[in-house]
Amino acid sequence: MTDITHTLPATLQMARKARRISQLELSMRIGVSQRHVSFVESGRAKPSRGLLVNWLRELNAPLGTQNAAMWQAGYSPIYSHANIRDPALAHATAATMQLLQSHDPMPAFVIDAQWNLINLNRGGEWLAATLIPWSQPLLASVNESGAAPINMIDMLCHPEGFTRHLLNFDEVGPSFLAHLREDASAIPSLAPKVQAFAALLRSRLGFTDLQSGATRQSNPVLVSRFDTSHGELAFFSMFTTFGTPQDITLASLRVEHMFAANDATRQILNEQVTLQSLARQQ
């Protein structure tokens, strides 16, 4: 979410630049003069509530940014911001659980806009236990009220984290950095974690130019390959998000589904997640 201590002009400028839209293009979209857009962005004019709502939606600003801008302008917020355990979100949380369970034994994770881990399935637990066994006490507390959040970017940047076993980090790393930078353009609070990941790339790969590194990947789907005690595992990912969410918490949630990129990976996951489940039942 954009910090409400920012000024309205700063928030509107960041939102427009994140979408790479000029003042002239925005003015034509929302039906005002470029001069008025310039005056609002410089703090010389204040938009009406209706104009500001239209302005933010035309920029497709994150719901948190829209609420923050409304507060900064002195208006009531547009969207609710419920706790993930709020009964009002019960249907939505049940839907994410169904997505997780239906994807087993392939790994799946629910994360929020800050890349905090909200939930994971059996396949995700097994993969984490295989790649970063030290994380098990942390993962056991994911659903506990008041527990410190587990951040997936932090888990990637950790010296003993996910990337330690990533065989093609030179391909995946720059592409993921580009993705993180896109997120940070809308959520500035992510910037320190993006910088930490960029520093990891520089130290591990020796890259000095991280702006163009992601363009080297030519395959239509980026496959991550991990070296494990069970053999090489290869995955590609897809993300599921809520359509037209009306709550900031729901808007921030996404489910990462990891799919086996080959038969060997699929067979290993089928066998190992089944064994894990049987061991728990004993």
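Residues numbered from 1 in each chain as written. Predicted model: local features only at pLDDT ≥ 70, side-chain atom pairs only at ≥ 80, totals over all residues. Heavy atoms only, no water.

Enquirer: Please clarify how the packing of helix α4 (residues 49-58) against helix α5 (residues 63-73) should be interpreted in this entry.
Expert: When two helices pack together, their arrangement is given by the angle between the helix axes and the distance between those axes. Packing of α4 against α5 brings their axes to within 10 Å, and their N-to-C directions diverge by 155°. The pairing of α4 with α5 is recorded here as roughly antiparallel in orientation. Like other packed secondary-structure pairs, α4 and α5 cross with a definite hand, here right-handed. Together, R49, L52, V53, L56 and R57 of α4 and Q66, A69, M70 and A73 of α5 make up the contact between the two elements. Of the residues in the contact of α4 with α5, the class split is 6 nonpolar, 1 polar and 2 charged. (Axes fitted to C-alpha atoms, helices over the stretch in contact; angles between N-to-C directions. Helix = DSSP H or I, 4+ residues; strand = E, 2+ residues; numbered from the N terminus. Parallel < 35°, antiparallel > 145°, perpendicular 65-115°, else oblique. Left-handed = near helix turned anticlockwise from the far one by under 90°. Contact = heavy atoms within 4.5 Å. Nonpolar A, V, L, I, M, F, W, Y, C, P; charged D, E, K, R; others polar.)

Enquirer: Can you help me understand the environment of A61 in this one?
Expert: Mapped onto the secondary structure, A61 falls in the loop between α4 and α5. With a relative accessible area of 5%, A61 lands in the buried category. For the pair A61 and R16, spaced 45 residues apart in sequence, the C-alpha separation works out to 8.4 Å. Sequence-distant contacts of A61, defined by excluding residues within four places in its chain, comprise A15, L56 and Q66. (Buried < 20%, exposed > 50% of the residue type's maximum accessible area, 1.4 Å probe, protein only.)

Enquirer: Whenever I open this one, the layout of surface pockets confuses me. Can you help?
Expert: Taking a probe equal in size to a water molecule and rolling it over the atoms shows the remaining empty space. The space that makes up the second largest pocket amounts to roughly 660 Å³. Lining the second largest pocket are 27 residues; nearest its centre among them are V172, F176, S224, S237 and E256. Elements represented by at least two residues in the lining of the second largest pocket include exactly β1 (108-111), α7 (122-131), α9 (152-157), α10 (169-186), β3 (224-228), β4 (231-241) and β5 (254-260). Among the elements that make up the lining of the second largest pocket, the one with the highest residue count is α10 (6 residues). When its residues are assigned to classes, the lining of the second largest pocket shows 20 nonpolar, 6 polar and 1 charged. (1 Å grid on protein atoms, 1.4 Å probe; cavity = no way out; pocket = protein on both sides within 12 Å on 5 of 7 lines; lining within 4 Å. Points joined across faces, edges and corners; volume = space filled by probe spheres on them.)

Enquirer: Is there a simple way to explain the pairing of β4 in this structure?
Expert: Residues in a regular strand project their side chains so that they alternate between the two faces of the sheet. In the sheet, β3 pairs with β4 via 5 bridges, with the strands oriented antiparallel. What sits directly across from T228, in β4, is G231. As defined by bridge partners, β4 adjoins β5 across 7 bridges and the pair is classed as antiparallel. When the sheet's bridge partners are listed, T240 is paired in β5 with V255. (Pairing = 2+ DSSP bridges.)

Enquirer: What's the story with the pattern of salt bridges in this structure? I'm lost.
Expert: Oppositely charged side chains may form a pair once their charged atoms are brought near each other. On inspection of all chains with the given rule, the structure shows 10 salt bridges. Salt-bridge contacts for E58 lead to R29; the nearest nitrogen and oxygen are separated by 3.7 Å. You can see E58 sitting in helix α4 and its partner R29 sitting in helix α2 (residues 23-30), a full 29 residues away along the chain. Owing to a relative accessible area of 30%, E58 belongs among the partly exposed residues under this scheme. As a salt-bridge pair, K193 and D154 come within 3.0 Å of each other at their nearest N and O atoms. (Salt bridge = Lys/Arg side-chain N within 4 Å of Asp/Glu carboxyl O.)

Enquirer: Any chance you could explain the sheet that holds strand β2 (residues 117-120) here in plain terms?
Expert: Hydrogen bonds between backbone groups are what pair the strands of a sheet, and the pairing can be parallel or antiparallel. Strand order in the open sheet formed by 5 strands is β2-β1-β5-β4-β3, with antiparallel pairing between adjacent strands. For this open sheet the edge positions go to β2 and β3, each flanked by a neighbour on one side alone. The sheet shows a mean angle of 30° between the axes of neighbouring strands, direction not considered. In the sheet, β1 pairs with β2 via 3 bridges, with the strands oriented antiparallel. Along β2, the bridge assignment pairs V110 with N119. On the sheet, helix α6 (residues 90-103) packs against β1, β2, β4 and β5 and is oriented at approximately 10° with respect to β5.

Enquirer: Could you clarify how one ought to interpret the packing of aromatic side chains in this entry?
Expert: The geometry of an aromatic ring pair is captured by the separation of the ring centres together with the interplanar angle, meaning the angle of the planes. Applying the stated criterion across every chain, the model contains 6 aromatic pairs. Judged by centre distance (5.2 Å) and plane angle (80°), the rings of F176 and F197 are edge-to-face. Of this pair, F176 sits in helix α10 while F197 sits in helix α11 (residues 191-205); the two residues are 21 residues apart in sequence, bridging distant segments of the chain. Both rings, one in F236 and one in F259, keep their centres 5.5 Å apart while their planes meet at 15°; by these two values the pair is stacked. In this pair, F236 is assigned in strand β4 and F259 in strand β5, connecting sequence segments 23 residues apart. (Phe/Tyr/Trp six-rings, centres within 6.5 Å; stacked < 30°, edge-to-face > 60°.)

Enquirer: Looking at this structure, how should I read the pairing of β1?
Expert: Here β1 shows no split at all, with A108 and V110 on one side and F109 and I111 on the other all buried. Hairpin connection of β1 to β2: 5 residues between the antiparallel strands, including W115 at a positive phi of 70°.

Enquirer: Can you walk me through the nonpolar core in this structure?
Expert: As a rule of thumb, soluble globular proteins bury nonpolar side chains together. One finds W115, L117, F162 and F197 to be the most contacted residues of the largest nonpolar core, which totals 42 residues. When residues in this core are grouped by element, the largest group, 7 residues, is from α10. Ignoring sequence-local partners within four residues, the contact set of F162 consists of A128, L131, I132, M152, M155, L156 and F226. Membership of the second largest hydrophobic core comes to 19 residues, among which are V37, V40, L56 and A73. (Core = buried A, V, L, I, M, F, W, Y, C linked by side-chain atoms within 4.5 Å.)

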